[in-house]
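Examination of the molecular architecture
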Amino acid sequence: MSRCCIIDENNKMIPLSEQEMKNILKNGTTSNDIIHWNDKSYEYIELSFDEDSIRILKDITKLENLMKQNEELKRENHGLKKDNLTKLYRADCAMKVVREYILNAYQNGIPFSIVMGDIDKFKSINDNYGHETGNIVLKSIGECLLNNIRTTTSQIQVEKRKNIDFEKDIIIRYGGEEILFLFKNINLIHTIERIENIRKQIETLNPGNISVTMSFGIFYFEKQKNTLEITEQNLYRSVSKLVHCADKAMYHSKENGRNLTSVYDNDKCYVITKKR
């Protein structure tokens, strides 16, 4: 059975049906065995293929395109990997970008919040119900958090001249059951509202028929109101200190009854969740 093919600029043979070929010829021009279409030139050949061969060739072309898209996606993410269970960013891959993210926000005077969250009594869940149930809890919470992320991207610089597009919100599985949030270009009130909304949603999840809650700690950074000086030289130490402040506020929530949100401010922590 006679079928038409074109060969693209990468010397890949793309099989076409007679109707597909007619559509190309209708909207393009030809000279010798070259087709000029959509500002590109293709070599034209006519070969004999049966229907199965046509289908196989098209499947191979689709697979090659998917592989190419996957490689492009890996380059765009600068090698960052996500945790297989929660689909959140892995701490070992993401913290370098976190430091650049914070430096970028600081240098441009953009306020940001760092939030530490921890699943309450997660060890007891693993001990009493098993690690498989614990994984169900982690996966369910990961899905809940990703549904609350702002997906608008902004470009930041990583490793000198390399740029990366990153969400305004970064959520990282920081430890076994610890979650680190970074919210860029946000005020403290909006941060509290978002975290409280997430906290209340987690209350209703009931993954694996288990009641689950989280405690949160917020550290809000605004350049004009903070004496902490962030530079490229002390960036690593500064980020560790910022995370420590959020961590301290989170433990304040734990110590005051769990399933709460606290804020770290001027070396003190305050519970901001309203009493029920």
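What you are looking at is a predicted structure, and each value in this text was computed from that prediction instead of being measured. (Residues numbered from 1 in each chain as written. Predicted model: local features only at pLDDT ≥ 70, side-chain atom pairs only at ≥ 80, totals over all residues. Heavy atoms only, no water.)

What about helix α7 (residues 235–255)?
- With 21 residues, α7 extends 30 Å from end C-alpha to end C-alpha; this agrees with the ideal 30 Å at 1.5 Å per step.
- At the exit of α7 stands Gly-257, carrying a positive phi of roughly 125°. (Helix = DSSP H or I, 4+ residues; strand = E, 2+ residues; numbered from the N terminus. Expected span 1.5 Å × (residues − 1).)

Let's talk about the packing of aromatic side chains
- The tally for this structure, following the rule as stated, stands at 5 aromatic pairs.
- Ring centres of Phe-112 and Phe-221 lie 5.1 Å apart, and the angle between their planes is 15°; on these two criteria the pair is classed as stacked. Here Phe-112, found in strand β7 (residues 112–119), pairs with Phe-221, found in strand β12 (residues 214–221); they are 109 residues apart in sequence, far enough to count as distant.
- Residue Phe-221 is classed as buried on the basis of its relative accessible area of 1%.
- Grouped by ring-pair contacts, the aromatic residues Tyr-106, Phe-112 and Phe-221 constitute a single cluster.
- Here Arg-194 stacks its cationic end above the ring of Phe-183, 4.3 Å away from the centre of that ring. (Phe/Tyr/Trp six-rings, centres within 6.5 Å; stacked < 30°, edge-to-face > 60°. Buried < 20%, exposed > 50% of the residue type's maximum accessible area, 1.4 Å probe, protein only. Lys NZ or Arg CZ within 6 Å of the ring centre and 35° of its normal.)

Brief notes about unusual backbone geometry
- Even without being glycine, Arg-258 reaches a positive phi, approximately 70°.
- The topology assignment puts Arg-258 in the loop between α7 and β13 (261–265).
- The exposure class of Arg-258 is partly exposed, given its relative accessible area of 35%.

Things to note about the nonpolar core
- Membership of the largest hydrophobic core comes to 31 residues, with the highest contact counts inside it found for Ile-102, Ile-172, Ile-230 and Leu-242.
- Among the elements of the structure, α3 (91–107), β7, β10 (169–173), β11 (178–184), β12 and α7 are those that each provide at least two residues to this core.
- Take this core: its biggest share by element is 9 residues, from α3.
- Listed in part, the 25 residues of the second largest apolar core include Leu-88, Phe-181, Ile-186 and Val-212. (Core = buried A, V, L, I, M, F, W, Y, C linked by side-chain atoms within 4.5 Å.)

Overview of the pairing of β11
- Within β11, 7 of the 7 residues are buried, which leaves it mostly tucked inside the rest of the structure.
- Of the two faces of β11, the one carrying Glu-178, Leu-180, Leu-182 and Lys-184 and the one carrying Ile-179, Phe-181 and Phe-183 are both buried.
- Of the strand pairs in this sheet, β7 and β11 are connected by 7 bridges, and their pairing is antiparallel. Residue pairing for β11: Met-116 is matched across the bridge by Leu-180. (Pairing = 2+ DSSP bridges.)

Looking at the packing of α3 against α7
- Where α3 contacts α7, the axes come no closer than 10 Å and their chain directions differ by 95°. In this view, α3 runs roughly perpendicular relative to α7, as classed from their interaxial angle. Facing Met-95, Val-98, Arg-99, Glu-100, Ile-102 and Leu-103 of α3, the residues of α7 in contact are Leu-235, Tyr-236, Val-239 and Leu-242.
- Partitioned by chemical class, the residues of the contact of α3 with α7 number 8 nonpolar, no polar and 2 charged. (Axes fitted to C-alpha atoms, helices over the stretch in contact; angles between N-to-C directions. Parallel < 35°, antiparallel > 145°, perpendicular 65-115°, else oblique. Contact = heavy atoms within 4.5 Å. Nonpolar A, V, L, I, M, F, W, Y, C, P; charged D, E, K, R; others polar.)

A closer look at the sheet that holds β7
- The 7 strands lie next to each other as β6-β10-β11-β7-β12-β13-β14, forming an open sheet whose pairing is mixed. Either end of the sheet is taken by a strand with one partner, and the two such strands are β6 (89–90) and β14 (268–271).
- Here β13 pairs with β14 via 4 bridges, running antiparallel. Directly across from Asp-265, in β14, lies its bridge partner Lys-268.

With respect to the confidence of the model for the protein chain
- Looking at the protein chain as a whole, its pLDDT mean stands at 77, while 63% of the residues score no less than 70.
- In the model, residues 30–34 has pLDDT below 50 throughout and makes 11 contacts with residues more than four positions away in sequence or in other chains.
- Within the model, pLDDT remains below 50 along residues 154–166, and this stretch shows 35 contacts once partners closer than five positions in the same chain are excluded. (pLDDT = per-residue confidence, 0-100.)

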